[in-house]
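# Examining the three-dimensional arrangement
The lines below spell out each chain.
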Amino acid sequence: MSYDNSKTRPDTSGLTINISEVLTLIIHEIITRTPLFSHIDMGRVHVCMSSNRKSRGGATFGKLVPLKFKDGKEALSYRGRWYAMPEVLHNGMPLLYIIYFYSPRFLDLSAFEKLRVIFHELYHISPDFNGDIRRMGKVKSSHGASRKRFDSHFEDSLGPFFEYISETPFMNFLEMDSQTLFSTFKKVYSNRMKVPRPVVIKN
């Protein structure tokens, strides 16, 4: 599927910005220039922002929500009940994934660490691009035995992309923290969506 970013290019007048749109454009640059992610179609992936409190412990910067079950199956049997994920449409197209980035934690990262979080969430997407996650092991299927080892799979691609993006206007956005972002633009928008949850379809 072709992606015409001229239709969604963010406003450069200095008045408004849609964070989700800018992140979508950056992700499009990533998948175009990084063979590791060439299987991803951004027409089936939606980028949203969510909120978390800066003062609390922990380090949740982003999250990938798959909209299918293991191996891309539409339904799952669990304890005598069948579950399905609700169909989520965007521009008339059923989505396979939603990526959430958390404000202000994500926005307050350095430019390089923002990209690391984006690469991390993209690497969770199944190589089959079927709505399932990339499964790293039988027990700890999401990250495998080590989160550090999980990140090592994309480290060789992250560095060269950072060098590329550093020479583009996107770097201006990536270098902004939350305070700078909200003081620079009069209106800051983002896509917001409640996290889809499995629903019972048969008892």
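The following paragraphs examine the structure supplied in this document. (Residues numbered from 1 in each chain as written. Predicted model: local features only at pLDDT ≥ 70, side-chain atom pairs only at ≥ 80, totals over all residues. Heavy atoms only, no water.)

### A short note on a nonpolar patch on the surface
Selection criterion: The patches described consist of residues with a relative accessible area above 30% and no salt bridge, like charges being joined within 9 Å and nonpolar side chains (Val, Leu, Ile, Met, Phe, Trp, Tyr) within 5 Å. Note on areas: these come from Shrake-Rupley sampling with a 1.4 Å probe, and a residue is covered only by the protein chains present in the view. Every case where a carboxyl oxygen of Asp or Glu lies within 4 Å of a side-chain nitrogen of Lys or Arg is listed as a salt bridge. Secondary structure follows DSSP: runs of H or I at least 4 residues long count as helices, runs of E at least 2 residues long count as strands, and numbering of each begins at the N terminus.
A contiguous nonpolar surface patch, about 270 Å² in accessible area, is contributed by Trp82, Val199 and Ile201. Position of Ile201 among the secondary structure elements: in strand β10 (residues 199-202).

### Observations regarding the pattern of salt bridges
When the charged atoms of two side chains lie near each other, side chains of opposite charge can form a pair. To keep it simple, the criterion reads: Type-normalised accessible area, obtained with a 1.4 Å probe on protein chains alone, sets the label of each residue: buried when under 20%, exposed when over 50%, and partly exposed for intermediate values.
All chains considered together, the criterion is met by five salt bridges. Two residues, Glu113 and Arg116, come together in a salt bridge whose shortest N-O distance is 3.2 Å. Placement of both Glu113 and Arg116 in helix α2 (residues 111-123) is noted, with a separation of three residues, approximately one turn of the helix. The exposure class assigned to Glu113 is partly exposed, which follows from its relative accessible area of 30%. Here the salt bridges do not stand alone but share partners, grouping Glu113, Arg116 and Glu155 into one network.

### A few points about unusual backbone geometry
Ser103 connects to Pro104 through a cis peptide bond whose omega is 10°. Looking at where Pro104 falls in the secondary structure, it is placed in the loop between β8 (97-103) and α2. Although it is not a glycine, Arg79 sits at a positive phi angle of roughly 50°.

### Some points on the nonpolar core
Selection criterion: Nonpolar cores are built from buried Ala, Val, Leu, Ile, Met, Phe, Trp, Tyr and Cys residues. Side-chain atoms within 4.5 Å join them into one set. Note on contacts: a residue pair is in contact if any heavy atoms of the two residues lie within 4.5 Å.
Of all hydrophobic cores here, the largest spans 45 residues; its most connected members are Phe101 and Ile118. Contributing elements (two or more residues each) for this core: α1 (19-33), β2 (45-51), β8, α2, α4 (155-165) and α5 (170-174). For this core, the element with the highest residue contribution is α1, accounting for eight residues. Ile118 has contacts with Leu23, Ile26, Ile27, Ile30, Phe101 and Phe106, leaving out every residue within four places of it along the chain. Val65, Phe69, Tyr83 and Val88 belong to the second-largest nonpolar core, a separate cluster that totals twelve residues.

### Section: the packing of aromatic side chains
The cut-off we apply is this: Only Phe, Tyr and Trp rings are paired, with Trp represented by its six-membered ring, and only when their centres lie within 6.5 Å; those with planes under 30 degrees apart are stacked, over 60 edge-to-face, the remainder tilted.
In this structure the tally under the stated criterion is nine aromatic pairs. Summarising the aromatic geometry, the rings of Phe37 and Phe119 are spaced 5.5 Å apart at their centres and angled 75° between planes, so their arrangement reads as edge-to-face. Note that Phe37 is positioned in the loop between α1 and β2 and Phe119 in helix α2, a separation of 82 residues in sequence. Both residues of the pair, Phe37 and Phe119, count as buried. Where Tyr97 meets Phe129, the ring centres are 5.5 Å apart and the plane angle is 40°; that geometry is what we call tilted. On the criterion of sequence distance, the pair formed by Tyr97 in strand β8 and Phe129 in the loop between α2 and α3 (147-152) is long-range, its members being 32 residues apart. With respect to burial, Tyr97 and Phe129 carry one shared label: buried.

### Quick notes on the sheet that holds strand β5 (residues 81-84)
Definition in use: At least two bridges found by DSSP between two strands is the condition for calling them paired. Every axis in this analysis is a line fitted to C-alpha atoms, fitted for helices over the stretch in contact. Angles between the N-to-C directions lie between 0 and 180 degrees.
In space, the three strands of this open sheet follow the order β4-β5-β10, with antiparallel pairing throughout. The open sheet is flanked by β4 (75-78) and β10, the only strands paired with a single partner. The mean angle between the axes of side-by-side strands here comes to 45°, regardless of whether they run parallel or antiparallel. As defined by bridge partners, β5 adjoins β10 across three bridges and the pair is classed as antiparallel. Note that in β10 the partner of Ala84 across the bridge is Val199.

### What to know about the sheet that holds β8
In space, the three strands of this open sheet follow the order β2-β8-β3, with mixed pairing throughout. Both edges of this open sheet fall to β2 and β3 (62-66), since each of them pairs with a single strand only. Strand-to-strand, the axes of this sheet are offset by a mean angle of 25°, without reference to chain direction. Taken together, the five bridges between β3 and β8 define a ladder with antiparallel strand orientation. Its bridge partner being in β8, Val65 is matched across the sheet by Ile98. Sheet strands in contact with α1 are β2 and β8, and its direction is about 135° off that of β2. α2 contacts β3 and β8 of the sheet and is inclined by roughly 155° relative to β8.

The quantities given are spatial measurements derived from coordinates; they are silent on function.
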